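Letter by letter, the chains look like this.
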Amino acid sequence: MRCRSAGALLTREAAPSDTGHVTLIGGGPGALGLLTLDAAAALREADVVLYDRLAPAEALAEFAPAAELLDVGKLPGHHRVPQTEINDLLVSRARAGRHVVRLKGGDPFVFGRGSEELAACLEAQILCRVVPGVSSAISVPAAAGIPVTHRGVSHLFTVVSGHAPLTDEEHEHLAGLGGTIVVLMGVSTLPQLVAGLDRAGMRQDMPVAVVERGYSPSQRTTAGTLSTIVTAAGVSRCQSPAVLVIGEVVRVGLELQGGAAHLAHLTESLAS
């Protein structure tokens, strides 16, 4: 109660066991091995879990065996549980004295609306703790063998939401900034993004990759350039969830994978 009496409602301390509280958890890109130890501990102690579509929900029966599980996931263009209702559920269940865990994919503060849920808890005087997660902006490219930075190639990366088309000013900023561009939720707006970057002066041969369903058995990478990726993604029928990577690091990743494939083939040949 020390933090509450001092007005510090966002804390890293454990809440008293008899006090309703909320834990916002980033579940990472979906691989159970990338769920943090703190996240797993909070799930074990949860009375209620509100989980998203991209969170590692298939293991909740194991990680939160005593919890009430509520699916509040959103589909692209369809939010069957509005954000205001999710906020109300967090507050009402916590006020009933329960430990409420909000489980999200990736990191809750990277396009996850976690700050909105935190604000709702603070406004309602509900103790809230945030457990960061491994963001898909970094981990999904890594799963495809693509680094977001590489010495001598890219010393910065920018993470962009592709949920809605960008403005011409934003395209110009991205094209002029250099480095790596990582786009989350960008499959549906890929044509507009490519056209905007082209108008802003980005090279036509800039490497681009679309990494679908990162860390799942059906993970797939479609690669091309700024001039070819829209056609390539259409032919491959790329769909969400996917992460787009734009920049020379894509070429680096493809070269590294080629070297790794050659090494694996050589090792297999020697073994036989």
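Before any of the text, the structure's been laid out above.
Residues numbered from 1 in each chain as written. Predicted model: local features only at pLDDT ≥ 70, side-chain atom pairs only at ≥ 80, totals over all residues. Heavy atoms only, no water.

S.K.: Explain helix α6 (residues 136–143) here, please?
M.R.: Owing to its 3.6 residues per turn, the α-helix brings residues three or four apart onto one side. Among the residues of α6, those classed as buried are Ser-136, Ala-137, Ser-139, Val-140 and Pro-141. Elements in contact with the buried residues of α6: β6 (157–161), β7 (180–184), β8 (207–212) and β10 (242–246). Gly-145 lies just past α6 and shows a positive phi near 80°. (Buried < 20%, exposed > 50% of the residue type's maximum accessible area, 1.4 Å probe, protein only. Helix = DSSP H or I, 4+ residues; strand = E, 2+ residues; numbered from the N terminus. Contact = heavy atoms within 4.5 Å.)

S.K.: How should I be thinking about the side chain of Glu-117 in this particular structure?
M.R.: With respect to the element layout, Glu-117 can be found in helix α5 (residues 114–123). Leave out the neighbours within four places in its chain, and Glu-117 touches Leu-24, Gln-83, Ile-86, Asn-87, Leu-90, Arg-102 and Lys-104.

S.K.: Can you walk me through the nonpolar core in this structure?
M.R.: Counting 22 residues, the largest nonpolar core has Ile-181, Leu-193, Leu-197, Met-202, Ile-229 and Ile-246 as the members making the most contacts within it. Of all the elements in the fold, those that place two or more residues in this core are β7, α8 (190–199), β8, α9 (229–236) and β10. Counting residues per element, this core draws most heavily on α8, at 4 residues. With sequence-adjacent residues up to four places away left out, Ile-181 is seen in contact with Thr-158, Val-160, Leu-174, Met-202, Leu-244, Val-245 and Ile-246. (Core = buried A, V, L, I, M, F, W, Y, C linked by side-chain atoms within 4.5 Å.)

S.K.: Explanation requested: the environment of Leu-184 in the structure shown.
M.R.: Tracing the chain through its elements places Leu-184 in strand β7. C-alpha of Leu-184 to C-alpha of His-163: the two residues are 21 residues apart in sequence and 7.7 Å apart in space. In this view, Leu-184 contacts Val-110, Phe-111, Ser-136, Ala-137, Val-159, Val-160, Ser-161, Gly-162, His-163, Ala-242 and Val-243; residues no more than four positions away in its chain are not counted.

S.K.: In this structure, what is going on with the pairing of β6? I would like to understand it.
M.R.: Remember that side chains alternate between the two faces of the sheet whenever the strand is regular. In β6, alternate side chains face the same way, and those of Thr-158 and Val-160 are buried while those of Phe-157, Val-159 and Ser-161 on the opposite face are not. Running through helix α7 (residues 168–177), the crossover from β6 to the neighbouring parallel element β7 is right-handed. (Right-handed = clockwise from strand over helix to strand, strands pointing away.)

S.K.: Help me understand the sheet that holds strand β9 (residues 220–225), please; the structure alone is not making it clear to me.
M.R.: Strand pairing in a sheet takes place through backbone hydrogen bonds and is either antiparallel or parallel in direction. Taken together, the 5 strands give an open sheet; going across it, the order is β6-β7-β10-β8-β9, and neighbouring strands pair in mixed fashion. A strand with exactly one partner marks an edge of an open sheet, and here the two such strands are β6 and β9. Across the sheet, the mean angle from the axis of one strand to that of its neighbour is 20°, orientation sign disregarded. Alignment of β8 against β9, held across 6 bridges, turns out to be antiparallel. When the bridges of β9 are listed, Pro-207 appears paired with Thr-225. (Pairing = 2+ DSSP bridges. Axes fitted to C-alpha atoms, helices over the stretch in contact; angles between N-to-C directions.)

S.K.: Mind showing me how you'd approach the sheet that holds strand β1 (residues 21–26) here?
M.R.: Read across the open sheet, the 5 strands follow the order β3-β2-β4-β1-β5; overall the sheet is parallel. This sheet does not close on itself; its edge strands, each paired only once, are β3 (68–71) and β5 (127–131). Across this sheet, the average inter-strand angle for adjacent strands is 20°, counted without regard to direction.

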